[in-house]
Each structure stands twice: as C-alpha cells, then as structure tokens.
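Chain residues, written in single-letter form:
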Amino acid sequence: AAEPTPSAAADADAPQAQDEPVAEPEAEPAAAEATAPEADTTAAPEQADAEAPAAAQAEPEAEDTPAAEPTPSAAADADAPQAQDEPVAEPEAEPAAAAEHTDAAEPQAEASAGAPAAADLPEAEDAPAAEPAQAQDEPVAEPDTAPEAEPAAAEATAPEADTTAAAEQTDADAPQAQEQAGAATGAAAVRRRAPEVAGAYKAAGQVLRGKGKAGARAKVYLVLDRSGSMRGFYKDGSAQYLADHALALAAHLDGAATVHTVFFSTEVDGTADLALDGYDAAWVEARHAELGRMGRTSYHVAVEAVLERYQKDGGEGPALVVFQTDGAPDNRQPARQALADAATTAPEIHWQFVAFGDHDAKAFDFLRKLDAENAGFFHAGPAPTELTSSALLKGVLDRF
C-alpha cells in the first residue's frame, strides 16, 4: 500500500515543477528550463519518501492540475508559426542556439514524464520572429531589375535618336550630294578654282541627272566659228558664254576638267585648252584676238582637227564635241564626208551643232536636214547669252 505513494507524489509534484517556468516566461526562460528539470529529478525521491501521506492527500489536486496544461500547449500552438519562420530570419545564428536548448531539454522533458517546459521555447524567441517579414520583403523589391531595365530603355531610345539625327543630316546634305553625284570634279573644287563657272556647273549636274547621265564620263571638245559674221558674237560674250558651259560639262564628265578648243574659219586658225585652273572670264575673246584675220566657214577642217586631237588623247572612250557656227558650210559635200568618216573611225564621238543667229535663217537648213546618228542640232538663237544655263545645256545635251 505504501508503493503507490511515491509515484503519486511524483505525479503531484510534476505539475508544480512545470508551473515554475510558466510563472516567469518572459524574464529568464532559458535559466528556468536549465534548472527546473534538475530540481524535479532530485527533489522527487526525497519528497516521495518523506511526504507519502501528504502526497496521498494531494492526489486530487494532481488530477485537477493537468486540466490547466492546455494553456502551455495552446501557447505553443499559437507560437508555432513564429517558430517556423525562425530559420528564414537567421538561418545560421539563432537556429543553432535553439537546437542546443531543444536537444538539452528533450531528455529532461522525458525524465520529468512529458513536462511541457519545452513548449515555452518559442516564447523566449519571440523577438527574432519579427525579422523574417523584413527578410522576405527584401526579394520582393527586386533591386537588380531596375538597373537592367534602364540600359534596355536607353538602348531602345538611343538608336532612334541617332536615326532621327542621321535622317535630318541626310536631308540637309541631300542637295549638295545630288549636285556632286557622280561628278568627276566636286562642286567645292569648282568654286575654288573657277567661281564664275559654279552656276553653270550646278545646272549641268541637274541636266545630266535628268537624262540619267549622272556619273557619265566623256572627253569634251569645243569648236568655235571665226568667220567674219561671228564678230558680234565674240564681242557680246556669246562665244565665252558657250565656252563656260562646255567647261562646266567637262568638270562633270572628265577628270582633267579641260576643254580642248578649236578655232576655225577657212582653215584651222588655232587651238587652245580651256581649264578650271587659270580660268579667265575673257579667255575666248583673248584667244580670238590673237588669231588674226577671220575667214570663211569650212566645217570639214574643224572636224578633221578634232579627230586628230581625239586620237592623240587616246582614241577611245566617249567624247562630246560642241560645234558652234553661225551659218552653213562653204563646202557641204566635204562636211558630210568628214562626219561620215568620223562615224566610222570614231563612233563614240557625238557631234552637237549649236547655231547662233536668227531662227528663220536658211543657212541652217544643212544642219536641220543632217541625217547622222552621231550628230545633233540645237539653235541657240540670236542672243545666246539670254538663255538660262539649264536651257542652253539641255540643247547641248539633247542627243548625247
């Protein structure tokens, strides 16, 4: 009958030992956990032997006391979510300490017959439990995505800005690029070397583009009539005006930008080269004055002189001959024969006749009726200087 008494005393004292950590959970839970089990295990046998009768009387109290146990378990259940969040906040520091307390408490809890002192551990670590919310909020901000988005936006907008600027620059430079497209000599060089020819040069580029001849290459020759009836056209600058436009064409068509000029009358009176370098606005009149008396109109001698110079220049490749006159040839048959021979020996030469004088003059019937694939006719009228550069050049390039 005395043997059940120690167990009953142990059962009665166990709740009291469990109530000690509950009384002061917030002050020093760790110390309570470390000392409570030792006090229970040592004091239990002594009390069992000495206070057996009292334990028998306290047995009803022991039965009533376990009814209060749900309170620690409820606290443990309420704190359980916080205990699960602990590894997220400080995976290396706090869990290690908590594991040590847990491991140390487990055998003591078993020794004390399932004492719920271990359930008080989460209460001691309530303060760190608030940190996981902050730790979890940090990845949501995703700070690394902002720097990546900014370069992407910069890359998306930068090329568009560059493209717009490039388009505006292209539009601004388009007229100048069109003027010089395919030209043998650039516009800047023409303005620097012979500024008086710059206007004719620009018009020549426009006419060549209109004919689809931008970038074409050809030697340019000029033939000027020095018959007696031409005296007024030298004085009023008509001959020089035509020579300037021939030079502008040469700047587009020939890298040398030089026009070999033949002065003829009854015979070949003289030859000279008109170039951008050393250009003189009175160049034609000066050369004409040096050649002496004016004669008659012999086409064939001028044609033969041009063919000779063409052979000297290489004898191959396209060539444009601007053949100016103010009347019919004195000998028509030699003129026809010379042109026919030129078509056979130098088929790449185009002969463009430019007439100065009245439009109704019968003297130009020979040229109007001229049937030759390598020859053309343009009537510049009695005042060639009144023609615009574009109009004059369109007539010169009519069949080129």
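What you see as residue numbers is a count from 1 along each chain, following the sequence as written. For a predicted model such as this one, the threshold for reporting local features is a pLDDT of at least 70, and the threshold for listing and counting side-chain atom pairs is 80 or more; totals across whole chains, interfaces and linings nevertheless cover every residue. No hydrogens and no water enter the side-chain calculation; it runs on all heavy atoms of the structure.

1. Quick look at the overall build of the protein
- We count a stretch as a helix when DSSP gives it H or I for four or more residues in a row; a strand needs E for two or more, and each element gets its number in order from the N terminus. Along the backbone of the protein there are 18 helices and six strands.
- Counting across all 400 residues of the protein, residues that qualify as buried make up 38%.
- Any pair of residues with heavy atoms lying within 4.5 Å of one another is described as a contacting pair. For the protein, the proportion of contacts with a sequence separation of at least 24, taken over those separated by at least 6, is 78%.
- For the accessible areas, the method is Shrake-Rupley and the probe is 1.4 Å, while residue cover comes only from the protein chains on display. With an accessible surface of roughly 21100 Å², the protein has 51% of that area assigned to carbon and sulfur atoms. Only protein chains enter the accessibility calculation, which uses a 1.4 Å probe; a residue is then buried when its area is under 20% of its type maximum, exposed when over 50%, and partly exposed in between.

2. Some points on the confidence of the model for the protein
- How sure the predictor is of each residue is captured by pLDDT, a score from 0 to 100. In the predicted model, the protein carries a mean pLDDT of 71, and 55% of its residues have values of at least 70.
- Contacts of residues 4-179 to residues separated by more than four positions or lying in other chains number 69 contacts, the stretch itself having pLDDT below 50.

3. Focus on the nonpolar core
- Formed by 49 residues in total, the largest nonpolar core has its most connected members in Leu242, Leu249, Val259 and Val284.
- Among the elements that line this core, the one with the most residues is helix α13 (residues 238-253), at 11 residues.
- Once residues lying within four places of it in the same chain are set aside, the contact partners of Val259 are Val220, Tyr221, Leu222, Ala246, Leu247, Ala250, Ala272, Asp273 and Leu274.
- In this structure, Leu307, Leu367, Leu370 and Ala372 belong to the second largest nonpolar core, which totals 29 residues. For this analysis, a nonpolar core means a set of buried residues of the types Ala, Val, Leu, Ile, Met, Phe, Trp, Tyr and Cys, connected via side-chain atoms within 4.5 Å.

4. A closer look at α13
- Its 16 residues give α13 an end-to-end C-alpha distance of 23 Å, which sits within 8% of 22 Å, the value for a rise of 1.5 Å per residue.
- Of all 16 residues that make up α13, 16 are buried, and the element is covered over most of its length. Helix span is expected to be 1.5 Å times the residue number reduced by one.

5. A word on the side chain of Ser298
- By the element assignment, Ser298 lies in the loop between α14 (283-290) and α15 (299-312).
- Looking at Ser298, its side chain comes within polar contact range of the main-chain oxygen of Thr266, at 3.2 Å.
- Once residues within four sequence positions are removed from consideration, Ser298 is found in contact with Phe264, Ser265, Thr266 and Asp330. A 3.5 Å cut-off defines polar contacts: any pair of N or O atoms within that distance qualifies, except that in protein one atom must be a possible hydrogen donor and the other a possible acceptor, and neighbouring residues in sequence count only when both atoms are side-chain atoms.

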